[in-house]
Amino acid sequence: MKNNSANFSKESIDFLYAYLNNAAPTGFEWKGQKLWMEYLRPFVDKITTDTYGTAVGIINPDAKFKVVIEAHADEISWFVHYITKDGFIYLRRNGGSDHQIAPSKRVNIHTEKGIVKAVFGWPAIHVREPGKEETPTLKNIFLDCGCSNEKEVNELGIHVGCVVTYEDELMELNERYYCGRALDNRIGGFMIAEVAKLLKEQNIKLPFGLYIVNSVQEEVGLRGAEMIAHQLQPDIAIITDVCHDTQSPMMNKIQSGDLSCGKGPVVTYGPAVHNKLLKLICDTATSNSIKFQRQAASRATGTDTDAFAYSNAGVASALISLPLRYMHTTVETVHKEDVRQVIQLIFETLKNVQSNHDLSYFS
């Protein structure tokens with residue numbers, strides 16, 4: 001069911017489902033990037049890509065003053081690491097994949113011959129000795145693709161280095177939430193594309209160059225953002241990613257803050273966040289009646305904000321996050337209204353940015 005209660009157009013909803021349901025594991029993002037660029041193309045003046053696949057839509061490409069809005073395009077996944085003589089497959093992480101959720105999950109193994117279906121096997125409860133049960137770890141989780149030996153696995157096109165993704169797709173919960181794998185952070189790619197769509201539909205003329213950036217390889221250390229930040233050398237960067245909703249069971253508010261799905265975007269305070277840009281965002285939210293939440297980072301935000309902030313001679317950067325439950329699982333969950341409000345906050349903030357916007361702390 002594709003409910004439209006968040007006031008998105010049918011075109012937007014169709015893109016959201018197509019984009020979220022497409023696999024884009026870290027280092028293999030290009031199919032998803034093609035979908036994203038195809039959707040974005042009518043709303044921008046120019047589209048470029050870099051060597052590793054980061055995609056950039058540009059409005060006013062000749063303007064000297066440059067503003068970036070950014071999300072990351074990749075999802076966590078697995079690599080085939082070792083194939084046993086009996087045809088079972090052991091894995092390595094590609095990003096922060098959670099070994100504890102793996103048993104009994106269905107997966108897609110991506111090969112040059114196409115998708116091969118497999119499952120994470122696990123011993124039945126009947127044969128596990130009470131009190132001595134093993135918990136899932138990288139040493140004992142494995143894939144079964146229905147083969148009897150290593151040769152049969154190889155004949156399917158599976159080899160060491162093949163990437164593996166979960167097959168779960170986007171769905172809705174109670175018509176209020178989007179739920180699925182890889183909302184971290186392809187929902188961000190959707191949101192920044194919708195900002196570009198709003199600018200086009202409302203015929204907003206920006207006094208600066210806007211670079212809508214969908215970066216690769218965030219899940220392995222912000223690598224795509226590092227590369228594109230050095231290439232673009234922007235003056236301002238507004239990053240969107242996800243953060244932890246802390247209202248569900250087993251979450252620790254002392255550790256992770258008091259944040260909730262359905263209560264609006266989350267702005268971050270921390271060394272990488274430029275305080276004058278952050279104030280502009282907060283003032284924009286207040287003047288447009290956009291409710292928002294606050295969180296504090298320590299040494300780093302852990303997002304592409306850090307890569308932009310500390311690139312080149314320093315870029316004035318800020319982070320607007322989307323609260324999300326069950327991060328790095330196949331049931332990542334976000335509130336539809338939060339999605340809409342993040343889009344609106346970025347859109348309204350851009351309208352308040354001036355050409356050669358003065359962000360000096362000393363002026």
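Attention here is on the structure that accompanies the text. The model shown is predicted, which means the values in this text are computed figures rather than measured ones. Along every chain, residues carry numbers that run from 1 in the direction the sequence is written. Since the coordinates come from a predicted model, pLDDT governs what is reported: local features require at least 70, and pairs of side-chain atoms require 80 or more to be given and counted, while whole-chain, interface and lining totals use all residues. As a rule here, side-chain values cover all heavy atoms of the structure and leave hydrogens and water aside.

1. Some thoughts on the sheet that holds strand β11 (residues 177-180)
Adjacent strands of a sheet pair through backbone hydrogen bonds, lying either parallel or antiparallel.
In step 1: Any two strands are treated as partners once DSSP identifies two or more bridges connecting them. Each helix is a run of H or I in the DSSP string that is no shorter than four residues. Each strand is a run of E no shorter than two, and both are numbered from the N terminus. In spatial order, the strands read β10-β11-β17; together these three strands make up an open sheet with antiparallel pairing. At either end of the open sheet lies a strand with only one pairing partner, and these are β10 (171-173) and β17 (332-335). In this sheet, neighbouring strand axes are inclined to one another by 30° on average, regardless of whether the strands run parallel or antiparallel.
In step 2: As paired strands, β11 and β17 are joined by four bridges and run antiparallel to one another. The residue of β17 that forms the bridge with C179 is T333. Axis lines are fitted through C-alpha atoms, for helices just across the contact stretch, and the angle between N-to-C directions can take any value from 0 to 180 degrees.

2. Section: helix α9 (residues 336-352)
In step 1: With 17 residues, α9 extends 25 Å between its outermost C-alpha atoms, agreeing within 8% with the 24 Å of an ideal straight helix rising 1.5 Å per residue.
In step 2: Buried, partly exposed and exposed residues are distinguished by accessible area as a fraction of the type maximum, computed with a 1.4 Å probe on protein chains only: under 20%, between the cut-offs, and over 50%, respectively. In terms of burial, α9 is largely enclosed, as 12 of its 17 residues are buried.
In step 3: Within the sequence span of α9, burial applies to K336, D338, V339, Q341, V342, I343, L345, I346, F347, E348, T349 and L350. A helix's residues, less one, multiplied by 1.5 Å, set its expected span.

3. A closer look at the sheet that holds strand β5 (residues 88-94)
In step 1: One closed barrel accounts for six strands, arranged β4-β5-β8-β7-β6-β9; its pairing is antiparallel. Each adjacent strand pair in this sheet contributes to an overall mean axis angle of 45°, direction not counted.
In step 2: In the sheet, strand β6 (residues 106-111) pairs with strand β9 (residues 163-166) via four bridges, with the strands oriented antiparallel. Of the residues in β9, the one forming a bridge with N108 is T165.

4. Brief notes about the packing of helix α7 (residues 275-287) against α9
When two helices pack together, their arrangement is given by the angle between the helix axes and the distance between those axes.
In step 1: Axis separation between α7 and α9 bottoms out at 9 Å; the angle between their running directions is 110°. Classified by the angle their axes make, α7 and α9 are roughly perpendicular. Here α7 and α9 pass one another in a crossing that is right-handed. Along its contact with α7, which presents L280, I281, T284 and A285, the element α9 presents L345, E348, T349 and N352.
In step 2: Charged means Asp, Glu, Lys or Arg here, nonpolar means Ala, Val, Leu, Ile, Met, Phe, Trp, Tyr, Cys or Pro, and polar covers whatever is left, Gly included. Partitioning the contact of α7 with α9 into residue classes produces four nonpolar, three polar and one charged. An angle below 35 degrees is treated as roughly parallel, one above 145 as roughly antiparallel, one from 65 to 115 as roughly perpendicular, and anything else as oblique. Rotating anticlockwise by less than a right angle from the far helix to the near helix defines a left-handed crossing, while the corresponding clockwise rotation defines a right-handed one. Only heavy atoms matter for contacts: two residues are in contact if any of them lie within 4.5 Å across the pair.

5. A closer look at the pairing of β5
In step 1: In this sheet, β5 lies alongside strand β4 (residues 77-83) in antiparallel orientation, the contact comprising six bridges. When the sheet's bridge partners are listed, W78 is paired in β5 with R93.
In step 2: Here β4 hands over to β5 after four residues, with G87 in that stretch at a positive phi of 90°.
In step 3: Both β5 and strand β8 (residues 142-144) contribute to a ladder of two bridges, which runs antiparallel. Its bridge partner lying in β8, I89 is registered against L143.

6. A short note on the nonpolar core
In step 1: Counting residues in each nonpolar core, the largest one holds 65 residues, and the members touching the most others are W36, L210, I212 and V339.
In step 2: It is helix α4 (residues 183-201) that provides the largest number of residues to this core, a total of 10 residues.
In step 3: Discounting chain neighbours no more than four positions away, the residues touching I212 are W36, L40, V44, A55, V56, G57, I59, I69, I192 and A196.
In step 4: Counting 20 residues, the second largest nonpolar core, distinct from the first, contains W78, V80, V107 and C162. Put simply, a nonpolar core is a bunch of buried Ala, Val, Leu, Ile, Met, Phe, Trp, Tyr and Cys residues held in one set by side-chain atoms that sit within 4.5 Å of each other.

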